[in-house]
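Remarks on the overall topology
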Protein chains: 2
Amino acid sequence: MSDNKKSEQAISAPINETIDGISRAISERNKPAIEQLLSPLNPGETADVMDGLPTDDRRQLIELLPDTLDGEVLLHMGEGAAIELVEEMDADTLQQATEAMDTADVVELLDEVLPTDAAKALLGSMDKQRRERIELNLSFDEHTAGRLMHTDAITVRENVTVETVQRYLRQYENIPQDTTLLIVVDRENRFKGAVSLLTLILHPCETLISDVMDDDWRTLDPNMSEQEVARSFENHDWFSAPVVDKDGYFLGRIVVDDVIDTIRDHADHAIMAPVGLDEDEDLFAPLLPSAGRRSVWLALNLATAFLASWVIGLFEATLEKVVALAVLMPIVASMGGIAGSQTLTLTIRGLAMGQIADSNRLWLLRKEIGIGLLNGLLWSFVVSIIAYLWFKNQQIAIVLGAALTLNMLVAALAGIIVPLTLHRMKIDPALSGAVVLTTVTDVVGFMAFLGLATIFIL
Amino acid sequence: MSDNKKSEQAISAPINETIDGISRAISERNKPAIEQLLSPLNPGETADVMDGLPTDDRRQLIELLPDTLDGEVLLHMGEGAAIELVEEMDADTLQQATEAMDTADVVELLDEVLPTDAAKALLGSMDKQRRERIELNLSFDEHTAGRLMHTDAITVRENVTVETVQRYLRQYENIPQDTTLLIVVDRENRFKGAVSLLTLILHPCETLISDVMDDDWRTLDPNMSEQEVARSFENHDWFSAPVVDKDGYFLGRIVVDDVIDTIRDHADHAIMAPVGLDEDEDLFAPLLPSAGRRSVWLALNLATAFLASWVIGLFEATLEKVVALAVLMPIVASMGGIAGSQTLTLTIRGLAMGQIADSNRLWLLRKEIGIGLLNGLLWSFVVSIIAYLWFKNQQIAIVLGAALTLNMLVAALAGIIVPLTLHRMKIDPALSGAVVLTTVTDVVGFMAFLGLATIFIL
């Protein structure tokens with residue numbers, strides 16, 4: 001029992017406590033303490049710790065304990081952080097770190113972390129078989145099933161018995177530990193079906209594979225997008241799935257843990273993109289490059305803010321006469337922005353899940369216009385009352401209410417049309433949807449409020 | 001081959017095309033067409049289709065084809081949509097739909113979808129063993145490992161041979177198809193270790209389980225949070241993992257597909273919460289309830305917008321004299337809001353990943369202040385130049401620059417301090433962080449710009 005107790009503790013020790021310990025040990029350059037803290041961790045946990053250290057500490061850790069850097073750790077780290085670290089490493093350390101990794105993981109590393117030179121050097125240092133396997137993966141487009149697959153699957157023929165397979169497996173060196181499925185192929189390596197390890201165990205030795213294999217097993221096309229792969233895994237509750245090209249040849253297998261990484265990446269993208277950050281952004285990256293990356297988005301925002309200012313500037317004469325308008329003006333823009341963001345977020349998620357189709361697009365637009373109108377009228381009423389009590393000016397109250405209703409209607413329209421249009425133009429709505437939307441609600445909000453005031457109050 | 005071809009096609013037929021087809025068939029009340037479209041789909045895919053239909057269509061579909069509703073479909077559907085649908089169903093239909101589900105899935109349904117009455121009725125309709133199993137899960141807190149686990153794991157003793165286990169398995173009815181691991185327990189059901197099916201196959205019949213089992217297998221505590229469970233699965237690349245209580249008794253197993261659902265839920269929450277929406281919000285829910293749910297967030301935003309207006313109102317006299325201030329005012333608030341949101345998003349993600357620890361909090365604060373200062377100075381310079389060229393007023397340009405730098409500094413501080421404080425107060429920063437932050441940047445932005453103008457220009 002004591003063994004399990006120990007493991008349980010190790011697993012439930014919060015990452016941030018380990019980070020604190022390691023950080024202290026690094027500043028004391030206390031090698032044994034670092035070793036003791038890191039030894040119970042597997043590559044994934046080590047990566048969590050690395051992600052939580054400022055860049056300088058990461059570098060020092062690698063200097064103190066170069067063996068810490070298993071290629072697996074790099075894979076589990078945030079991409080931004082891993083890229084930073086790899087840039088500091090020489091070709092030999094990198095080669096050593098990746099020697100024990102399976103080829104699908106190396107492909108991921110090549111794809112996401114290594115700069116072109118390092119990737120070439122690494123490929124050059126490999127033996128022919130390993131290089132060819134990796135080059136097969138790399139021959140498919142980025143973010144497709146072909147890139148995700150492992151080419152180390154165990155294949156068997158359908159005309160052999162369970163016993164033969166079992167004998168074959170026992171002689172096989174390096175059976176991937178995550179094997180749950182044997183792939184059945186013909187002489188030409190064409191996919192015939194699959195048989196799970198559970199099925200093998202449940203059937204007597206003399207059973208023919210052709211009698212127990214599942215020949216209706218669904219396969220993935222190597223050109224399928226990562227997101228479709230993820231959705232298939234979720235829908236089928238698979239542990240792994242075979243990749244088969246359109247001529248029916250078996251290429252490799254995709255394993256669920258790689259799919260989880262994909263789901264995480266897409267989730268991170270959905271969270272980070274709306275504030276103009278890459279999903280690989282590293283919280284603990286050094287100051288200067290971080291500031292530079294973020295300033296790009298600030299520049300874009302500045303352009304849209306000046307656009308809004310320019311609209312306000314059109315009504316300087318009006319503002320000069322009724323200064324209360326300047327006080328109330330941000331309310332119209334802000335409420336429109338929030339209402340629009342709600343619709344936008346729902347629409348972007350619906351697009352990502354493939355829920356938005358020709359048949360329901362119009363239904364959705366009508367529904368969102370309805371919500372915009374209802375909430376617009378409700379909150380315009382509230383806002384008008386408050387504004388009237390504040391400024392004792394009926395005209396301002398009415399103009400404010402009308403502008404707010406109009407802006408919330410436009411916000412609903414923009415919340416649907418902006419992402420659908422960007423999606424059709426193959427621009428990622430998660431990245432640019434929010435900017436376009438708030439520009440629309442700012443411009444329309446200011447224009448409607450100050451414009452109506454110019455017409456009806458002056 | 002033709003079989004596989006068919007399956008490949010079925011899997012790559014985009015969900016939105018199926019949605020269009022079904023939607024047309026429903027409006028024509030064409031039962032055979034619906035059946036033909038739904039038959040190749042598994043419960044996960046059916047759920048994707050259901051999620052993409054407006055509520056009325058969903059209801060009509062169930063009326064036309066009541067058998068469509070397998071409990072599994074409800075589980076794979078968006079929660080909001082599933083809840084809507086269940087509210088329309090009678091107890092019998094529900095019982096039928098859940099009969100074939102395994103207990104862990106029923107627990108998820110009880111937890112997330114069923115209203116209390118329906119849950120009680122469903123539990124009441126079950127046989128004793130099934131009910132007891134479910135009640136064991138329900139005895140643990142929501143969102144813990146104890147709720148996620150399946151209690152149907154196959155356990156074996158360590159002093160038996162591989163052959164005995166194999167014979168035992170062949171006699172066992174209802175072996176869960178997702179079994180990849182056998183759990184080794186003692187006579188009292190205390191966890192001793194685990195042995196994978198692969199290990200079983202690779203060893204000769206006479207091998208003792210004790211010789212091949214992994215007795216250092218990591219276990220999960222039933223009170224662990226879902227998120228810690230997810231992180232463990234990601235770090236270890238597990239297919240399934242045993243749940244063991246603190247006295248060492250084996251309780252059940254968690255399977256990776258349930259972990260994927262958890263990861264999805266948390267990702268959805270991270271996307272939806274910042275705009276005040278529940279992650280279960282259904283894009284195709286009817287108008288009125290949707291409008292109601294969203295108006296809550298609009299009300300909160302209105303309060304903060306009025307707070308900003310009130311701050312502006314304090315400076316009415318200033319605005320009356322220098323109306324250009326009203327034109328430039330939104331720029332300060334907008335740039336602060338963006339800079340703060342970037343820091344906030346990174347911090348919330350860092351908190352969720354457990355990266356933020358005592359040792360790096362101060363480092364992070366210093367870094368973000370540095371970024372705020374750098375970007376503040378850079379963009380203040382740009383903004384001042386443009387404002388000077390526009391209004392030919394040096395004082396306004398200087399005040400604008402100073403206010404913008406100050407607001408971007410405050411934004412950086414708030415971007416760290418707001419989520420850390422909310423987190424410490426056990427308030428979800430993903431939900432309320434953005435509101436608090438933009439309130440701070442709005443108020444500080446207007447106060448700084450108009451305040452400095454009042455002091456230095458009038």
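Everything below is about the structure printed above this text.
It should be emphasised that the depicted structure is a prediction, and the values quoted were computed from it without experimental measurement. (Residues numbered from 1 in each chain as written. Chains lettered and ligands numbered in written order. Predicted model: local features only at pLDDT ≥ 70, side-chain atom pairs only at ≥ 80, totals over all residues. Heavy atoms only, no water.)

**A few points about the interface of chain B and chain A**
For clarity, the threshold we go by: A contact between two residues is defined here by any heavy atoms of the two lying within 4.5 Å. Buried surface area refers to the total accessible area, computed with a probe of radius 1.4 Å, that the two partners give up upon joining, counted for both partners together. Counted as salt bridges are all cases of a side-chain nitrogen of Lys or Arg within 4 Å of a carboxyl oxygen of Asp or Glu.
Contacts between the two partners involve 142 residues from chain B and, on the opposite side, 142 residues from chain A. Roughly 13100 Å² of surface becomes buried between chain B and chain A when both sides are summed, with 64% attributable to carbon and sulfur atoms. Its largest share of buried area at the contact with chain A, chain B owes to Ile201, Leu283 and Arg294 of chain B, together 6% of the area lost on that side. Taken together, the connections running from chain B to chain A amount to eight salt bridges.

**Quick look at the packing of aromatic side chains**
The condition is simple: Side-chain rings of Phe, Tyr and Trp, where Trp is taken by its six-membered ring, are said to pair if the distance between their centres is within 6.5 Å; with planes under 30 degrees apart they count as stacked, over 60 as edge-to-face, and otherwise as tilted. Strands are runs of DSSP state E lasting at least 2 residues, helices are runs of H or I lasting at least 4, and numbering of each runs from the N terminus. Type-normalised accessible area, obtained with a 1.4 Å probe on protein chains alone, sets the label of each residue: buried when under 20%, exposed when over 50%, and partly exposed for intermediate values.
Applying the stated rule across the entire model yields 11 aromatic pairs over all chains. Relative to Trp363 of chain B, the ring of Phe284 of chain A lies with its centre 5.7 Å away and its plane at 40°, an arrangement referred to as tilted. Of the two residues, Phe284 of chain A sits in the loop between helix 17 (256-272) and helix 18 (287-313) while Trp363 of chain B sits in helix 21 (residues 358-391), which places them in two different chains. The class of Phe284 of chain A is buried, set by a relative accessible area of 0%. Feature note: the residues Phe306 of chain A together with Trp390 and Phe391 of chain B constitute an aromatic cluster, connected by ring pairs.

**Quick notes on the environment of Glu173 of chain B**
In this fold, Glu173 of chain B is placed in the loop between helix 13 (162-171) and strand 2 (181-185). Counting along the chain gives 35 residues from Glu173 of chain B to Leu208 of chain B, while the straight-line C-alpha distance between them is 24 Å.

**Focus: the nonpolar core**
In globular proteins that are soluble, nonpolar side chains generally tend to be buried together. Put simply, the rule is: Take the buried residues of types Ala, Val, Leu, Ile, Met, Phe, Trp, Tyr and Cys, join any two whose side-chain atoms come within 4.5 Å, and each joined set is a nonpolar core.
Formed by 80 residues in total, the largest nonpolar core has its most connected members in Leu328 and Phe449 of chain A together with Leu328 and Phe449 of chain B. Those residues in contact with Phe449 of chain A that sit more than four places away from it in its chain are Leu325, Leu328, Met329, Val332, Val399, Leu400 and Ala403 of chain A. Core analysis: the second largest hydrophobic core is formed by 41 residues, Ala47, Ile62, Leu94 and Met126 of chain B among them.

**Remarks on the pattern of salt bridges**
This model, assessed by the stated rule, comprises 30 salt bridges over all chains. Where Glu234 of chain B meets Arg264 of chain A, a salt bridge forms, and the shortest distance between an N and an O atom there is 2.6 Å. One end of the pair, Glu234 of chain B, is in helix 16 (residues 226-236); the other, Arg264 of chain A, is in helix 17, on a second chain. For Arg264 of chain A, a relative accessible area of 26% corresponds to the partly exposed category. Here Asp268 of chain B makes a salt bridge to Arg349 of chain A, at a shortest N to O gap of 2.9 Å. Placement of Asp268 of chain B in helix 17 (residues 256-272) and of Arg349 of chain A in helix 20 (residues 324-352) is noted, with the two residues assigned to different chains.

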